[in-house]
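# Structure assessment
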Amino acid sequence: MRQPSFFIPHGGGPCFFMDDPAGMWTRMEAFLAGFVAGLPERPKALLVVSGHWEEDAFTVQDGARPGLLYDYYGFPPHTYQLHWDAPGAPDVARRAAGLLADAGFATARDAERGWDHGVFVPMKVAVPGADIPTAQLSLRKDLDPAAHIAAGRALAPLRDEGVLIVGSGMSFHNMRVRDGDATGPADIFDAALTAAATDPDPEARARRLSAWSMLPHARFAHPREEHLIPLMVAAGAGGDDPAAHVFADHVIGWKVSGYRFG
C-alpha cells in the first residue's frame, strides 16, 4: 500500500518529555502519537527530513544503529538520557540517495552521524516501541524551496515501497517573539501557508510553496527558513495526491500546523 508523506511539528527541544503543567504541548503530543499509528498500514521504514541537519549536498544517514544527538541546550539533565533505539534503515537511505542522484542531485552518505532531536523527539512519541527502521535525510544548505520540492518528487517512489516520508520542522519558527507579539502575524501567515500547502492543483501547490517568502508575514514567521523547508520535501513527495491540513494549535502564541500529502 502506498504510504502518504507528512510535514509534522517537532515541538521545542525535548518538550514532550518534561513537566508541562499548563498543557502547552498536549495537543501536539497527541497528534504525534497518532499520525503513524492511524495509518491503514504500518510503514516498513521511515525517512525523516529534519530542520536540524544541513549539508552542501543532500546527505543520507545510512548507519545501521545511529546514536542520538542531544542538540538542545539548557534543559533538565534527564532529557540528555533519553533513548530511542530504532534500527537504522541503510537500504532505504541508499535507495533515497540513488533516486536523488538519478534526478540530477549531488548526494552524500554519512554512517556516523546520530539522529538529531528533529528526528528522535517526535519519533519517540510517534513510534514509542522504536520498532520501525529509520533513515534520515539532510536539507541542502541553500534551502532552495523549489529544489527541495523537486527532491521530494524524486523520492516519491519510496512511498510505493512502504516508506513513510516525514518532514520534521515547525510551520512558524521565530524564537524572538511569543504570545501577543506573535499571534496576529502567525495566524495570518498560517492561513496563507495552509492555502498554499493544500492547493488542490499540485502544480499550483508547488509554485505557491516555492514562493513561500512572498506570503504575508513570511520573514516574521521564519527569519531563517530551515524549519519550514522539510515541508517542501514532504509536499514534493506527495506528488499529485491531495493534501490535507491535519494539525493546528497555538503554542506560545505561534500558530503551528501539520500537513498530510496522499
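The structure displayed is predicted, hence computed values, not measured ones. (Residues numbered from 1 in each chain as written. Predicted model: local features only at pLDDT ≥ 70, side-chain atom pairs only at ≥ 80, totals over all residues. Heavy atoms only, no water.)

It is worth spelling out the packing of helix H5 (residues 180–197) against helix H6 (residues 202–210) at this point. Closest axis-to-axis distance for the H5/H6 pair is 8 Å, and the angle between their directions is 145 degrees. Along its contact with H5, which presents Leu193, Ala195, Ala196 and Ala197, the element H6 presents Arg205, Arg208 and Leu209. The class makeup of the residues in the contact of H5 with H6 is 5 nonpolar, no polar and 2 charged. (Axes fitted to C-alpha atoms, helices over the stretch in contact; angles between N-to-C directions. Helix = DSSP H or I, 4+ residues; strand = E, 2+ residues; numbered from the N terminus. Contact = heavy atoms within 4.5 Å. Nonpolar A, V, L, I, M, F, W, Y, C, P; charged D, E, K, R; others polar.)

Mapped onto the elements of the fold, leucine 46 is located in strand E2 (residues 45–55). Sequence-wise, leucine 46 and arginine 207 are 161 residues apart; in three dimensions their C-alpha atoms are separated by 27 Å.

Most of helix H8 (residues 229–238) is tucked away: 10 of the 10 residues are buried. Buried residues of H8: Ile229, Pro230, Leu231, Met232, Val233, Ala234, Ala235, Gly236, Ala237 and Gly238, and no others. Just downstream of H8 lies glycine 239, where phi reads positive at about 60 degrees. (Buried < 20%, exposed > 50% of the residue type's maximum accessible area, 1.4 Å probe, protein only.)

Overall, mixed pairing links the 8 strands, which are arranged E4-E3-E5-E2-E6-E1-E8-E7 in an open sheet. Either end of the sheet is taken by a strand with one partner, and the two such strands are strand E4 (107–110) and strand E7 (243–251). Averaged over all neighbouring strand pairs, the angle between strand axes comes to 25 degrees, with direction disregarded. Both strand E1 (residues 5–9) and strand E8 (residues 254–261) contribute to a ladder of 3 bridges, which runs antiparallel. Following the sheet pairing, serine 5 is matched in E8 by phenylalanine 261. Along the sheet face, helix H3 (residues 117–126) touches E1, E2, strand E5 (134–140) and strand E6 (163–169) and points at about 140 degrees away from the line of E2. (Pairing = 2+ DSSP bridges.)

The next subject is the packing of helix H2 (residues 90–102) against helix H4 (residues 145–155). Where H2 meets H4, the axes come as close as 8 Å, and the angle between the chain directions of the two elements is 120 degrees. With respect to H4, the element H2 is oriented oblique. For the pair H2 and H4, the crossing hand works out as right-handed. Contacts from Ala96, Leu99 and Leu100 in H2 reach Ala151, Ala154 and Leu155 in H4. Residue composition of the contact of H2 with H4, grouped by class: 6 nonpolar, no polar and no charged. (Parallel < 35°, antiparallel > 145°, perpendicular 65-115°, else oblique. Left-handed = near helix turned anticlockwise from the far one by under 90°.)

One pass over the structure, following the stated rule, counts 16 salt bridges. The shortest N-O distance in the salt bridge between arginine 2 and aspartate 160 comes to 2.9 Å. Highlighted residues: arginine 2 in the segment before E1 and aspartate 160 in the loop between H4 and E6, separated in sequence by 158 residues. We classify arginine 2 as partly exposed; its relative accessible area is 43%. Note that aspartate 116 is salt-bridged to arginine 113, the shortest N-O span being 3.3 Å. Arginine 113 shares its class with aspartate 116; the two are buried. Ionic contacts of the salt-bridge type, sharing partners, join the residues Arg2, Arg159, Asp160 and Asp241 into one network. (Salt bridge = Lys/Arg side-chain N within 4 Å of Asp/Glu carboxyl O.)

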